[in-house]
Amino acid sequence: MISIDDKNKDLLLEALEELMYKLSLDLTQLKGGPMTAERLALSSKQEAIEELQHQISMVD
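Here the structure is a predicted model, which is why all the values come from computation and not from measurement. (Residues numbered from 1 in each chain as written. Predicted model: local features only at pLDDT ≥ 70, side-chain atom pairs only at ≥ 80, totals over all residues. Heavy atoms only, no water.)

> Quick question: what am I supposed to make of a negative patch on the surface here?
On the surface, a cluster of negative charge is contributed by D5, D6, D10, E14, E17 and E18. Looking at the secondary structure, you find E14 in helix α1 (residues 6-30). Looking at E14, the relative accessible area reads 43%, which means it is partly exposed. (Patch = residues over 30% accessible without salt bridge, like charges linked within 9 Å, V, L, I, M, F, W, Y side chains within 5 Å. Areas by Shrake-Rupley, 256 points an atom, 1.4 Å probe, with all protein chains shown as cover. Salt bridge = Lys/Arg side-chain N within 4 Å of Asp/Glu carboxyl O. Lys, Arg positive; Asp, Glu negative; His and termini not counted. Charge placed at Lys NZ, Arg CZ, Asp CG, Glu CD. Helix = DSSP H or I, 4+ residues; strand = E, 2+ residues; numbered from the N terminus. Buried < 20%, exposed > 50% of the residue type's maximum accessible area, 1.4 Å probe, protein only.)

Now the structure itself:
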């Protein structure tokens, strides 16, 4: 388990939210198209970021 200072926890979560926003914009451009390697990579990255957000938010 990781240990994160509360002041850094909020900053990390905010940074991840901004990264998710950028990622969603990139995925929106590919919406409706074929599942290319780029789209699969972005989707995989999105899932990893969501998991990281969850892990950080659960840290006491």
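After that view, the rundown keeps rolling.
> Sorry, what's going on with the pattern of salt bridges here?
Pairing between side chains of opposite charge can happen when the charged atoms of each approach one another. Under the counting rule described, the total for this entry stands at one salt bridge. Across the pair K22 and D26 runs a salt bridge, and its minimum N-O distance is 3.2 Å. Of this pair, K22 and D26 both sit in helix α1, four residues apart, which is roughly one turn of the helix. Residue classification places D26 among the partly exposed residues on the basis of a relative accessible area of 24%.

> Before we go on, may I ask you to explain the nonpolar core in this structure?
The nonpolar side chains of a soluble globular protein tend to be buried, and buried together. Counting residues in each nonpolar core, the largest one holds ten residues, listed as I4, L13, L16, M20, L23, L27, L42, I49, I56 and V59. Listing elements by their share of this core, those giving two or more residues are α1 and α2 (37-58). If you tally residues by element for this core, the top one is α1, at five residues. With sequence-adjacent residues up to four places away left out, L42 is seen in contact with L23, D26, L27 and L30. (Core = buried A, V, L, I, M, F, W, Y, C linked by side-chain atoms within 4.5 Å. Contact = heavy atoms within 4.5 Å.)

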